[in-house]
Amino acid sequence: MLQIRDLVWGLLFAGCAAAIQVQITPTQGEISVGESKFFLCEVVGDAKDIDWFAPSGEKILPNRPDIIVSRTDEATATLTIYHANVDSAGIYKCVARSGDKEAQATVQVKIFQKITFDSAPSPQEFNEGDDADIVCDVVSSPPPAIIWKHKGSRIQVAKDVRYKIMDNGHLLIRGIKKIDEGMYNCEARIMARGEIDFRMIKVIVNVLPTIRARLSEVNATADIASSALLACDADGFPEPSVTWTHNNVVLETGDKYTLSDDGSELLIKSVKKVDEGDYTCIAKNKAGEKSEEVSLNVFVRPRITYLNNQTASEFDEQVTLTCEASGDPTPAISWSFQNRVFTEGEQASWTRPDKYESLDRNIVVRSHARVSSLTLKNILFTYAGEYLCTATNSIGRDNKHMYLEVRYAPKILGTVTVYTWEGNAANISCEAEAHPGASVVWSRDGLQLPSANTTNVKVYNTPTISYLEITPDSQYNFGTYNCTATNAMGSESKEFVLIQADVPSSPEIELVEPFSSTAVVSFEEPDSMGGVPIIKYRVEWRLPGQDWTGKEYHADDEMTTITIVGLKPETTYEIKMSAINGKGEGESSPATTFTTQPVLSSETSAPNAVTSAALREPTAPKLVVKVQGRGNTLKVNWIKQDDGGSPIKHYLVRYKAKHVSDWKPEIRVPHNSEYVTLSGLDWNTEYEIHVVAENQQGKSEPGVISYRTASDPTTIPDDAGARSAMGTGAIVGILIVVFFLLLVGVDVTCYFLNKCGLLMCIAVNFCGKAGPGAKSKDMEEGQAAFTKDESKEPIVEVRTEEEQTPNQGGGPTEPNETTPLTGPEPAAADATSPVVNLLPSTATNSVAGSVSAAQSSPASDGGVLTAKAPPRNSPAAARSGPLNANAQPDVGPLVDLSDAPKAPPSSDPTPLVPEPLSPAPASAEGPQSQRDPVKAPSSSSSSSQNKDSQVDGPAEDAPSVLCTDPTAPAHNDGKTVKADGTEGETEVKNATAEVKTVPNEAPQANGNESKA
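Conventions used here
For every chain, the first residue of the written sequence is number 1, and numbering continues from 1 along that sequence. Only residues with pLDDT of at least 70 get local features here, since the model is predicted, and only at 80 or more are side-chain atom pairs given and counted; chain-wide, interface and lining totals rely on the full set of residues. Excluded from the side-chain calculations are hydrogens and water; all other atoms, namely the structure's heavy atoms, are used. Put simply, DSSP marks the helices as runs of H or I at least four residues long and the strands as runs of E at least two long, and each gets a number from the N terminus on. Relative accessibility thresholds used throughout: buried, under 20% of the residue-type maximum; exposed, over 50%; partly exposed, between the two (1.4 Å probe, protein chains only). Only heavy atoms matter for contacts: two residues are in contact if any of them lie within 4.5 Å across the pair. In this description, accessible areas are obtained by the Shrake-Rupley approach with a 1.4 Å probe, and a residue is regarded as covered only by the protein chains that are shown. Patches were defined on residues exceeding 30% relative accessible area and lacking a salt bridge, with like-charge contacts within 9 Å and nonpolar side-chain contacts (Val, Leu, Ile, Met, Phe, Trp, Tyr) within 5 Å. When a carboxyl oxygen of Asp or Glu lies within 4 Å of a side-chain nitrogen of Lys or Arg, that pair is called a salt bridge. Just so you know, the count uses Lys and Arg for positive and Asp and Glu for negative, and it drops His and the chain ends. In plain terms, the charge of a residue is placed at NZ if it is Lys, CZ if Arg, CG if Asp and CD if Glu. Under this definition, polar contacts are N or O atom pairs within 3.5 Å; protein pairs additionally need one hydrogen-donor-capable and one acceptor-capable atom, and for neighbouring residues in sequence, both atoms have to be side-chain atoms. What we call a nonpolar core is a set of buried Ala, Val, Leu, Ile, Met, Phe, Trp, Tyr and Cys residues that are connected through their side-chain atoms within 4.5 Å. Two rings from Phe, Tyr or Trp (for Trp, the six-membered ring) form a pair when their centres sit within 6.5 Å of each other. Planes less than 30 degrees apart are called stacked, planes more than 60 degrees apart edge-to-face, and all others tilted. In this analysis the charged atom, NZ for Lys or CZ for Arg, is taken to sit over a ring once it is within 6 Å of the ring centre and within 35 degrees of the ring normal. What counts as a disulfide here is a pair of cysteine sulfur atoms lying within 2.5 Å. pLDDT is defined as a per-residue confidence score from the predictor, taking values between 0 and 100. Two strands qualify as a pair provided DSSP detects at least 2 bridges between them. Note on geometry: axes are C-alpha line fits, over the in-contact stretch for helices, and angles between N-to-C directions span 0 to 180 degrees.

### A few points about the overall build of the protein chain
- Within the protein chain, the secondary structure is distributed over 6 helices and 65 strands.
- By residue count, 40% of the 1012 residues in the protein chain fall in the buried class.
- Of the contacts made within the protein chain by residues no fewer than 6 positions apart, 65% connect residues no fewer than 24 positions apart.
- Summed over all atoms, the accessible surface of the protein chain reaches about 54700 Å², with 52% contributed by carbon and sulfur.

Given below as structure tokens:
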């Protein structure tokens, strides 16, 4: 650029031949107020002086502070304007001189005002609803154009009359709103020089507080240490402060009042009547303040002060119930009974159907001040019950109950006809409502039931119901029965009829729908049920001319179809039906003929054979649900339908509660099953149950049924439970008493007859006495005779049964002191044998020994006790051991203890106790009877007149086996014989010895001695 300029100057210099030329750079200038700028004056030629002149024509001197002229070399001079202002504008001239030659150039300097924001404060606040003047003062030259923007968009004044740009550039918003709040852009533009500048101004819209009381009126109860809460909610921007005043006094937190943190809640403690009045809630912020009044009403809660129970009799003219209540304000009193409410002035009327109406106009309510009365006219027993008096005012309510007792005569309820049949018990219920409770009496034909000659009639009573249970055994038991209930107010009777039930009539077969192996029979119920429900249906079918095949089906409600199975394809059948009730089976319906359908497969070779495609899935089974147990167990029965020509393989059962989506695990049931039991189900839940039949071709459509379980476990009513428990307890008690009396009777009988049993044991072990009936007198006489000479020793003879008596071959001999009382030989013994086979059962309950007193022998002093042989270790057994090789084990020794000598002193004076013998084998003559008394052999001199009187039972000093101590030793002739009682029977291994002990000088009388 400089090369071109130098070239131009060189050309000019050559052309002008030493002429002076001046050029100012830049040629023009614009300076913003306050800025600085310089201009360069260049002279071409040889110039002596270079000067700058101000717009006023004055030469600019070097000493001016705002404009300075400086000469850097001989050819240039610089004009510098510092901090220009408006006065600095104008045309400046540069003049160059060289002798008489002069040249000049000018430059125009323009001074302009740059965009300047004198006032654009941020933020600027306004109250909502006011006209907002948003200030934005801009200074420039020329004056700028002002543009306003909000939320990034230019404000279109022409489109929204709320906005206006003032002449001074301010933005006016008429009725500013909260939504106008935000950042505004004030933008200034000078189009001539493309200058632009802006300021962001934040506009805040303050909202006047709004205040709302939560409750304009607050009710409080005085004198119960309660508190009252007054609250108001204030809104606004900025957040307003809340204060409370009462009677122009500002309230503050203290003993009486408590304010929340934001002041919106005022809690008045321990409300008194003087606290009643208006409270002012004041909310205040920059935009202003608002207030709201809250009224506090202090009341006294109502309280019922008088209400008493009343008693009336049915058909009385009227009864009045009175209720008094206190409270402030005065409470309103109302009455209610069950679900009916009676208010003041309300009286039964046909013109007010929306009110409770008493058709007989018998209810009237009257109130005065704090007293209300309820008058009931023409008293009925239904008026009895609990009445509620309610007192209500604006602060609360109080209520109390009273009971109206109505005494009335019995009223009998219950079904008058009952059906049954002979042998089947039926209950006739007579429910008697009465107050006071009534006594119920059953009668028939004037005779009260149950009577002494009626065993098939029983009466069960509960507090309100009497049940007459009748088990008819003849036609006579059917007919009318009278129930009479009586109390203090009167009595009432009602006739009940017991009707003979009959078998049902025959059902009517309407349609038989046959399949290949099944048939669905549709039928109508019998015209006559016979008086009792039908419990079963019997369906019978057969091939024509053959025997009937039948099956019984349980009858369900609305049962109209039955499916029979096991039929043969392409077979003609006859079918008939009959109904069964509790009485029995009714007549059968007329026989109906049907033919089952064919079952064809691909293996059939007939010309009209059909492929296996004719086989199909079975038909869905028909479902029936029965409730079992306590109500949460369901028995799902299904009835097989068409099997599709292929046998059923199994059934698939699944179920779920309807309100859930998940099914329970599937249950597979064999093909011959007809039901499944679902237990442990939830109470009061509806279940959906699906049953699918499956054969070789596939599965059937599911048989679907829904059922809801019981809401609560099935319980027995209180009265029925009490009745059942009472009856069972009475029966058990009676049985126990009868059994105890029977045992006592048997024991007493044993005591007096057989000298055994519990009483005998008590008498011997505790009282030291033997039972009555013993021959105590004879024993005492023998004892007396024996004690006359204590030195005499008894004669003891031990012998076995194998020994032959001297008179064995002749007639009976007269016994003497040493003669044994047994028969001569077991083989020769017959009914007169003194040996007694005692079985174990006989040993405890019957005779332990037989004592026979000789009629012709007054000198006989004692009884003879038959006992078993002593053990082998006893002396007696030792002496008799060698001779007992062939002795029978059931024969015991005979011991005469009538005049036994005194035994040596011993610590245990227990007498010899007989033990039961082991059962003896049957002899040639058969076993001897357990109760046959022992017969003594007749004397040769007195065989016609001397018969032994026999007394069954133990000897006086020999207690029964029931009281036997198995370890007690027996004293005999100074030697102790110990009986082994550890087992029920004792095995006698040695020959049985016969022992007789008599005094040495015992008198003999005609050979008649006591025998056992």
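### Remarks on a negative patch on the surface
- A cluster of acidic side chains, namely Asp-235, Glu-239, Asp-261 and Asp-262, defines a negative patch on the protein surface.
- Among the secondary structure elements, Asp-235 is positioned in strand β20 (residues 228-237).

### Overview of the side chain of Glu-694
- In this structure, Glu-694 sits in strand β55 (residues 686-695).
- No salt bridge is formed by the buried Glu-694. Its closest oppositely charged neighbour is Lys-649, at 4.2 Å.
- Within polar-contact distance, the side chain of Glu-694 engages the side chain of His-650 at 2.8 Å.
- In this structure Glu-694 touches Pro-618, Pro-647, Ile-648, Lys-649, His-650, Leu-652 and Lys-699, once residues within four positions along its chain are discounted.

### Digging into the nonpolar core
- In terms of nonpolar packing, the biggest core is built from 26 residues, with Trp-52 and Tyr-92 touching the most fellow members.
- Counting only elements with at least two residues in this core, the list comes to β1 (21-25), β3 (37-44), β4 (49-53), β5 (67-70), β6 (76-81), β7 (90-98) and β8 (101-112).
- Counting residues per element, this core draws most heavily on β8, at 5 residues.

### Quick notes on the packing of aromatic side chains
- Taken as a whole and assessed by the stated rule, the structure comprises 8 aromatic pairs.
- On the numbers, 5.7 Å between centres and 50° between planes, the contact of Trp-442 with Phe-496 is tilted. One end of the pair, Trp-442, is in strand β37 (residues 439-444); the other, Phe-496, is in strand β42 (residues 490-500), and 54 residues separate them in sequence.
- Note that Lys-178 overlies the ring of Phe-237, its terminal NZ or CZ placed 3.4 Å from the centroid.
- Taking the ring centre of Trp-663 as reference, the NZ or CZ of Lys-656 above it sits at 5.3 Å.

### Things to note about the state of the cysteines
- Inspection of the entire model under this criterion finds 5 disulfides.
- Ordinal numbering of bonded cysteines along the protein chain defines a disulfide pattern of 1-2, 3-4, 5-6, 7-8, 9-10.

### Structural notes on the confidence of the model for the protein chain
- On average, residues of the protein chain score 74 in pLDDT, and 69% of them reach the 70 mark or higher.
- Every residue in residues 601-613 scores below 50 in pLDDT, and together they form 10 contacts with partners more than four places removed in sequence or on other chains.
- When the criterion is pLDDT under 50, residues 714-725 qualifies, and its contacts beyond four places in sequence or with other chains add up to 9 contacts.

### Notes on the pairing of strand β46 (residues 549-554)
- Bridge analysis of strand β45 (residues 534-542) against β46 gives 6 bridges, and the strand direction is antiparallel. Looking at β46, one finds that Glu-540 is bridged to Gly-550.
- What sits between the antiparallel neighbours β45 and β46 is a turn of 6 residues, in which Gly-545 has the positive phi angle 85°.

### Description of the sheet that holds strand β54 (residues 675-678)
- Across the sheet, 3 strands lie side by side as β50-β51-β54; this open sheet has antiparallel pairing. The outermost strands of the open sheet, each flanked by one partner alone, are β50 (622-628) and β54. Along the sheet, successive strands turn relative to each other by an average axial angle of 20°, direction set aside.
- Pairing of strand β51 (residues 633-639) with β54, which is carried by 4 bridges, proceeds in the antiparallel orientation. If you follow Asn-637 over to β54, its bridge partner there is Tyr-675.

### Some points on the pattern of salt bridges
- The full count for this structure, using the stated rule, is 25 salt bridges.
- Of the charged contacts, one joins Lys-59 and Asp-51 as a salt bridge, the two residues approaching to 3.2 Å between their closest N and O atoms.
- Classification of Lys-59 as partly exposed rests on a relative accessible area of 43%.
- For Lys-178, the salt bridge is made with Glu-181, and the minimal N-O distance between the two is 3.2 Å.
- Because the salt bridges share partners, they merge into one network encompassing Asp-51, Lys-59, Arg-97 and Glu-102.

### Some thoughts on a nonpolar patch on the surface
- On the surface, Val-737, Phe-740, Leu-741 and Val-744 cluster together into a nonpolar patch covering about 380 Å² of accessible area.
- By the element assignment, Leu-741 lies in helix α2 (residues 718-753).

### Some words on the environment of Asn-362
- One can find Asn-362 in the loop between β30 (340-342) and β31 (363-368).
- Here the alpha-carbon distance between Asn-362 and Asn-378, two residues 16 residues apart in the chain, equals 6.8 Å.
- For Asn-362, the residues in contact, after removing those within four places along its chain, are Thr-375, Leu-376, Lys-377, Asn-378 and Tyr-383.

### What about the sheet that holds β42?
- With mixed pairing, 5 strands are arranged side by side in an open sheet as β35-β42-β41-β37-β38. The two strands at the open ends of the sheet, each matched to only one other strand, are β35 (417-420) and β38 (447-449). This sheet shows a mean twist of 35° between the axes of neighbouring strands, independent of strand direction.

### Digging into unusual backbone geometry
- In this structure, the amide linkage connecting Ser-141 to the following residue, Pro-142, adopts the cis form with an omega of -5°.
- Residue Pro-329 follows Asp-328 across a cis peptide bond; omega there is 0°.
- Along the polypeptide, Pro-329 turns up in the loop between β28 (318-328) and β29 (332-337).
- Phi angles above zero are rare outside glycine, and Asn-248 is one such case at about 65°.
- Relative to the helices and strands, Asn-248 resides in the loop between β21 (241-246) and β22 (249-250).
- Unusually for a residue other than glycine, Ala-369 sits at a positive phi of about 55°.
- Looking at where Ala-369 falls in the secondary structure, it is placed in the loop between β31 and β32 (371-377).

### Observations regarding the side chain of Thr-245
- One can find Thr-245 in strand β21.
- Apart from the residues lying within four places of it in its own chain, the contact partners of Thr-245 are Val-250, Leu-251, Tyr-279, Thr-280 and Ile-282.

### Points about the pairing of β42
- As judged from the 4 bridges shared by β35 and β42, these two strands associate in the parallel manner. Considered in β42, the bridge of Tyr-419 is made with Ile-499.
- Pairing geometry for strand β41 (residues 479-487) and β42, over 9 bridges, is antiparallel. Looking across to β42, one finds that Cys-483 is bridged to Lys-494.

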